[in-house]
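# Residue-level structural notes
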Amino acid sequence: MKKLVLLLLFLLPFTASAHRYHTSLTRMDYNGGEKLAEITIQVFTNDIEDALKQRGGGKQQIHLDKTPKIDELVLSYLAARFVIKNKSGETKKLRWIGLETENDVTLIYVETSMPEGFDGATLENSILNDFFEDQVNLVTTHVNAIKTDLVFRVNDPPQNLVKKEE
């Protein structure tokens, strides 16, 4: 896990102030033994704090490390912007695991029960698309030996979590 975090931090260039790139990176692994989708979402800290502040009407300052009930705020935002649906079209509820912030980057950890697996499941990932027109959300899924890379831009439709070999 530590190697993954270091790799993700290396892949996302960041500065101490504003940055030129608006990107999130997500890794989603299917744990077949526990029938769970284990999800790590990496975002720039100031971007997610600004999004949560604006979502709340801009009245309250948001600090991921100080704001009470930050887990509820982040989960509510993700419920609207990171939507997993199973083959039957049922929206899967995300469960909070936690978050880590280091420098300008925040890792958000969530999971959801997926007893039906990823077959036929879709993802809509519009994290921060409502704030940055150039936002790009990259997602890598791992199911057994199958790796799928997905790219989401503003107004992109949901995509299948597992791409079938052609």
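Residues numbered from 1 in each chain as written. Predicted model: local features only at pLDDT ≥ 70, side-chain atom pairs only at ≥ 80, totals over all residues. Heavy atoms only, no water.

### Focus: the pattern of salt bridges
Considering all chains together, one arrives at 6 salt bridges under this definition. In this structure, the salt-bridge partner of Lys-147 is Asp-149, at a minimum N-O distance of 3.7 Å. What makes Asp-149 partly exposed here is its relative accessible area of 48%. (Salt bridge = Lys/Arg side-chain N within 4 Å of Asp/Glu carboxyl O. Buried < 20%, exposed > 50% of the residue type's maximum accessible area, 1.4 Å probe, protein only.)

### With respect to the environment of Ile-41
Within the secondary structure, Ile-41 sits in strand E2 (residues 36-44). You can call Ile-41 buried: its relative accessible area is 0%. Measuring from C-alpha to C-alpha, the distance between Ile-41 and Val-139 comes to 8.7 Å, with 98 residues separating the pair along the chain. (Helix = DSSP H or I, 4+ residues; strand = E, 2+ residues; numbered from the N terminus.)

### Description of helix H2 (residues 45-55)
Residue pairs three or four apart in sequence face the same way in an α-helix, which turns once every 3.6 residues. Restricting attention to buried positions, one finds in H2 the residues Thr-45, Asp-47, Ile-48, Glu-49, Ala-51 and Leu-52. Where the residues of H2 are buried, they touch E2, helix H3 (70-81), strand E4 (95-102) and strand E5 (105-113). Phi for Gly-57, located one or two positions after H2, is positive at around 90°. (Contact = heavy atoms within 4.5 Å.)

### Looking at the nonpolar core
Membership of the largest hydrophobic core comes to 34 residues, with the highest contact counts inside it found for Met-28, Ile-39, Leu-78, Phe-82, Ile-84, Phe-118 and Leu-161. Of all elements in the fold, only strand E1 (23-31), E2, H2, H3, strand E3 (82-85), E5, strand E7 (136-143) and strand E8 (146-153) reach the threshold of two or more residues within this core. The element best represented in this core is H3, accounting for 5 residues. Beyond its immediate stretch of four places on either side in the chain, Leu-161 contacts Met-28, Ile-84, Phe-118, Ala-121, Thr-122, Leu-123, Thr-141, Thr-148 and Leu-150. (Core = buried A, V, L, I, M, F, W, Y, C linked by side-chain atoms within 4.5 Å.)

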